[in-house]
Amino acid sequence: MSESPYPGLYRGLIERYRKRLPVAPDTRIISLTEGDTPLIPLENVARAIGHGVQIFAKFEGLNPTGSFKDRGMTMAVTQAVAEGTRAIICASTGNTSASAAAYAARAGIRCFVLIPEGKIALGKLAQAMIQGSVVIQIKGNFDDGMRIVKDMADAAPVAIVNSINPYRLQGQKTAAFEIVDALGRAPDYHCIPVGNAGNISAYWTGFSEYAGIKPKTAACAYCKDTCAFPCPAVTDSRPVMVGYQAAGSAPFMAGHPVAEPETVATAIRIGNPQSWDLAWAAVRESGGWFDALTDEEILKAQRLLAETEGVFCEPASAISVAGLLRDIERGKIREGSLITCTLTGHGLKDPDTAIKQSQGAVLEVPADSTAVRKAILDHL
Ligand code: AN7
């Protein structure tokens with residue numbers, strides 16, 4: 001491990017969790033100081049819903065590029081550079097491309113991103129563009145892009161940094177570590193959006209590892225057990241894992257891939273999730289479930305979080321809270337539970353959707369004090 005002259009300085013999740021990650025002692029770490037994101041208590045939301053629950057949001061939108069993808073990307077790009085790779089590639093609904101572009105820029109390597117035409121949020125596109133990646137827009141959706149990227153593994157000298165790259169999940173499992181480290185125990189339930197299904201698989205790996213249990217799935221064999229099982233246990237329990245999908249894009253509810261996924265939550269507009277088996281294993285082994293929510297329910301939760309908690313996440317992220325609130329109402333969550341929800345990305349990623357659903361929120365008045373005073377008194 002490299003020594004820092006500033007012992008109090010946080011240096012990113014690889015340094016923090018190095019012993020549990022497949023990284024050699026002399027490896028050059030490509031980091032943007034990702035991780036260490038806040039666990040924000042959602043007290044207003046919890047009070048309103050009742051049932052004695054405690055809800056915390058793991059706000060992953062506060063990672064350096066504004067989404068949880070940075071956790072996986074620091075590992076994937078560190079490994080790619082260690083292997084001498086000169087270029088990386090990914091298909092993306094937006095956040096993976098923003099993150100890949102940033103880490104490639106930092107490492108000084110090329111980055112190619114395949115994005116679905118017209119279905120990527122503005123902020124994410126801006127990130128990929130200004131960070132110097134080669135943006136390839138395809139007349140197709142994420143699943144088409146993923147298929148093409150997999151073809152490139154043999155057709156071009158590029159390393160794939162989508163979550164089929166095992167190092168991605170290894171990095172992303174650290175979010176579960178942070179939750180347990182912060183709470184001093186595992187939550188009773190963990191709620192999470194599901195798109196390509198890498199993140200739910202990674203969290204389950206992390207929660208399992210911290211409980212000293214090797215998941216029955218192949219998640220850890222990915223790194224050929226270089227993360228050194230059996231690892232010391234930190235806690236004695238694991239949460240129930242609950243994964244939420246958008247109704248128009250819910251292959252886990254259908255039980256098979258969906259051909260034409262559609263949702264306002266473009267981040268999770270994915271019909272053929274790559275981590276299918278791992279995600280099912282996470283839900284089955286934990287006694288959890290999948291469920292789907294309409295675009296209307298998703299946007300309502302996004303607004304609720306912004307208006308009552310001051311937490312602005314993107315639509316795909318809000319689905320974890322939308323689903324939780326519905327499941328509490330339906331009695332699927334035990335009274336008095338400790339619950340964590342991953343808010344995967346920042347609201348600023350998708351300003352168009354936020355503005356569209358806040359129509360009428362801007363008052364237009366003449367530039368004089370009387371008019372402004374009236375507006376204030378009308379809205380107190
Ligand atoms: C905000 O960027 O797949 O189930 O290409 O951006 O691990 O795929 C994004 C996924 C949830 C779903 N929330 O996570 C991509 C991409 C946000 C996301 C997900 C994504 P996975």
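Residues numbered from 1 in each chain as written. Predicted model: local features only at pLDDT ≥ 70, side-chain atom pairs only at ≥ 80, totals over all residues. Heavy atoms only, no water.

Novice: Whenever I open this one, the sheet that holds strand β4 (residues 110–116) confuses me. Can you help?
Specialist: Hydrogen bonds between backbone groups are what pair the strands of a sheet, and the pairing can be parallel or antiparallel. Read from one edge of the open sheet, four strands run β5-β4-β3-β6, paired in parallel fashion. Where the open sheet ends on each side, the last strands, each with one partner, are β5 (134–138) and β6 (159–160). Of the strand pairs in this sheet, strand β3 (residues 87–91) and β6 are connected by two bridges, and their pairing is parallel. Following the sheet pairing, Ile89 is matched in β6 by Ile160. Relative to the sheet, helix α6 (residues 142–155) contacts β3, β4, β5 and β6, its axis offset from that of β3 by approximately 150 degrees. (Pairing = 2+ DSSP bridges. Helix = DSSP H or I, 4+ residues; strand = E, 2+ residues; numbered from the N terminus. Contact = heavy atoms within 4.5 Å. Axes fitted to C-alpha atoms, helices over the stretch in contact; angles between N-to-C directions.)

Novice: Explain the sheet that holds strand β9 (residues 289–293) to me, please; I cannot follow it from the model alone.
Specialist: What the six strands build is an open sheet, ordered β1-β2-β10-β7-β8-β9; its pairing is mixed. Every interior strand has two partners, whereas the edge strands, β1 (39–41) and β9, have only one. Direction aside, neighbouring strands of the sheet carry axes that sit 25 degrees apart on average. Two elements, strand β8 (residues 240–246) and β9, share five bridges in a ladder whose sense is parallel. Residue pairing in the sheet places Val242 in a bridge with Trp289 of β9. Those strands touched by helix α12 (residues 295–309) are β1, β8, β9 and β10 (338–343), and its axis lies near 90 degrees from that of β9.

Novice: How should I be thinking about helix α3 (residues 69–82) in this particular structure?
Specialist: In an α-helix, one full turn covers 3.6 residues, which means residues spaced three or four apart are oriented alike. Helix length check: α3, at 14 residues, gives a terminal C-alpha distance of 20 Å against a target of 20 Å (1.5 Å per residue), a fit within 8%. Most of α3 is tucked away: 13 of the 14 residues are buried. Gly84 sits one or two residues past α3 and shows a positive phi near 85 degrees. (Expected span 1.5 Å × (residues − 1). Buried < 20%, exposed > 50% of the residue type's maximum accessible area, 1.4 Å probe, protein only.)

Novice: It is not clear to me how the packing of aromatic side chains should be interpreted in this structure. Could you clarify?
Specialist: Both the distance between ring centres and the angle between the ring planes are used here to describe each pair of aromatic rings. Using the criterion set out here, one finds nine aromatic pairs in the structure. For the pair Phe177 and Tyr210, a centre-to-centre distance of 4.3 Å together with 10 degrees between the ring planes defines the contact as stacked. Placement of Phe177 in helix α8 (residues 174–183) and of Tyr210 in helix α9 (residues 198–210) is noted, with a sequence separation of 33 residues between them. Here the aromatic residues Phe252, Trp276, Trp280 and Phe290 are joined through ring pairs into a cluster of three or more. Arg20 extends its terminal NZ or CZ atom over the ring of Phe177, reaching a point 5.6 Å from the ring centre. (Phe/Tyr/Trp six-rings, centres within 6.5 Å; stacked < 30°, edge-to-face > 60°. Lys NZ or Arg CZ within 6 Å of the ring centre and 35° of its normal.)

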